[in-house]
Amino acid sequence: MKRAKIVLLFTSFLLVLLFGFEVLGQTNFLIKGKVIDSETKELLPFASIGIEGTSVGTASNSAGIFEFRLNPTWKDKFIVCSFVGYQPLKIKVSEAYQYSKSNQLVLELKSSESLKTVTISSKRIPKVEKIMKQVIKNLPENYPQTPYNVDFFYREYLKDSTAYVRLVEAALHVYDKRAYVPIIYNYKSAPTILNLEEDYFAQVKERRASYDYSKSKINNFFIDVEYGTKYNWIRKNQFIFDKMMYEKFDYELVNLTSIGKKTVYEISFSYNGTIDRFRKLKGKLFVNDEDYAVLQLHFSYLPVGAMGGYNAKERYGYNIYLENEEHFYFKKYDEKYLVSYQSLRSIEKYYESQEAFEESVSEYFVEQLTVNVNQKNPTPQDLQDDSKLKEIDYNTAFWESYNVLADSPLNIKIKADLEKRQSLEKQFELKK
């Protein structure tokens, strides 16, 4: 496996020695860089970045930029960066840190071996129906069937018309009791779950929130874990991953790509009817031909119905969902796949009252990054009472050492909008 081509601006023996003393003397250090295509120099968003042999990781943001806070005792370990369509890349932690200090850490990923000799119509390529059957068949082997713990960095933000008006970030610790054991559905009437039980226990360990400048007070500073891992389609055995439902969808094998030397199938899917609360579902997934695990899942849909009701005292009204878009990236942790990064974008119309004609369009966003996974010795926990969220004080020291998604142009815009009245640091310190 070849390393990225990185230009090192200083290599003196003295700096190497200084680095050794610096690492030993501090509690953590920050590695910053970007992931790009080695030929086109195009930035690669949401590339997977982690420490080899561990479940500790992060991801590049929408602009291909990443930040990685690491324990200095790992200076001799390797960072592994991977992305569908490219060869994985390894670089030593100490070396990456040196490049990062000089603002020169650029991970240049090379495209994987060309698949031009294998066409989609070739007899060597299975039909898309067989690929989907194999994906469903391999779910128990590819995804955890026993309880596990996972730590997430969570970010939620809201945009009213043209300006961002709310930001919440949190460190979540989750105990997933049921894991990816399939949910059983009854489709004879309205879809109902036959084996539902409280099985996903999330606790917010740290939290910081801006002042709420939004018009709508619905879901005010709600840490919406349900939009994340709890309700991803694979874990819920839902829609295209359910034996009873996947045949109702239209599929097409649209492309062959790879990760390293392993072939990856790019499959589009669509359903124009209504299922549960969803209609006009469409999207794509990337499937590894080695074990038929899903590496990426992207989809959009039109929700059915409205939410909320007018409350004169609290001054909020009706929210009408217009469109949802979700993205999931999966990564192998201890021989099982789990979500490494996920995002949601929901567009809503808000009415001041049931009768009012005035409306505003809001965009609601959720991002969730997997920071660490523990499948070997998971610790059970209770579900946290949401009323306790406002009791969590802003802990500056914690956020300076916690792995979060790096700032992107979007994050800078969010910060600028929210700081028109007061700095975010001061807003974080307020009780909300």
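What counts, and at which threshold
Residues numbered from 1 in each chain as written. Predicted model: local features only at pLDDT ≥ 70, side-chain atom pairs only at ≥ 80, totals over all residues. Heavy atoms only, no water. Pairing = 2+ DSSP bridges. Helix = DSSP H or I, 4+ residues; strand = E, 2+ residues; numbered from the N terminus. Buried < 20%, exposed > 50% of the residue type's maximum accessible area, 1.4 Å probe, protein only. Core = buried A, V, L, I, M, F, W, Y, C linked by side-chain atoms within 4.5 Å. Contact = heavy atoms within 4.5 Å. 1 Å grid on protein atoms, 1.4 Å probe; cavity = no way out; pocket = protein on both sides within 12 Å on 5 of 7 lines; lining within 4 Å. Points joined across faces, edges and corners; volume = space filled by probe spheres on them.

Novice: How would you sum up the pairing of strand 13 (residues 250-259)? Please name residues and give values.
Specialist: Two elements, strand 13 and strand 14 (residues 262-275), share nine bridges in a ladder whose sense is antiparallel. Following the sheet pairing, T257 is matched in strand 14 by V264.

Novice: Before we move on, can you summarise helix 2 (residues 93-101) with the specific residues and values?
Specialist: Note on helix geometry: an α-helix contains 3.6 residues per turn, so any two residues three or four positions apart are oriented the same way. Counted residue by residue, helix 2 has seven buried out of nine residues, so it is predominantly covered. Buried residues of helix 2: V93, S94, A96, Y97, Q98, Y99 and S100, and no others. After helix 2 finishes, the residue N103 shows a positive phi value of roughly 65 degrees.

Novice: Pulling in residues and values, what's your account of the nonpolar core?
Specialist: By size, the foremost hydrophobic cluster in this structure holds 91 residues, and its most contacted members are I240, F241, I267, L285, V294 and L297. If one sorts the elements of this core by residue count, strand 9 (residues 163-176) sits on top with eight residues. Every residue in contact with I267, bar those within four places of it in the chain, is listed here: V128, I131, M132, Y251, E252, L253, G283, K284, L285 and V287. The next biggest cluster of nonpolar side chains, apart from the first, holds 24 residues, and it includes I31, V35, V56 and Y97.

Novice: Tell me about the layout of surface pockets, and please be specific about residues and values.
Specialist: Quantified by volume, the largest pocket comes out at close to 1,200 Å³. Lining the largest pocket are 45 residues, with V80, S82, P88, I259 and K331 sitting closest to its centre. At the level of elements, strand 2 (48-51), strand 3 (57-59), strand 5 (78-82), strand 16 (294-303), strand 18 (318-333), strand 19 (336-351) and strand 20 (359-374) are the ones that each hand at least two residues to the lining of the largest pocket. A total of five residues in the lining of the largest pocket trace back to one element, the largest contributor, which is strand 18.

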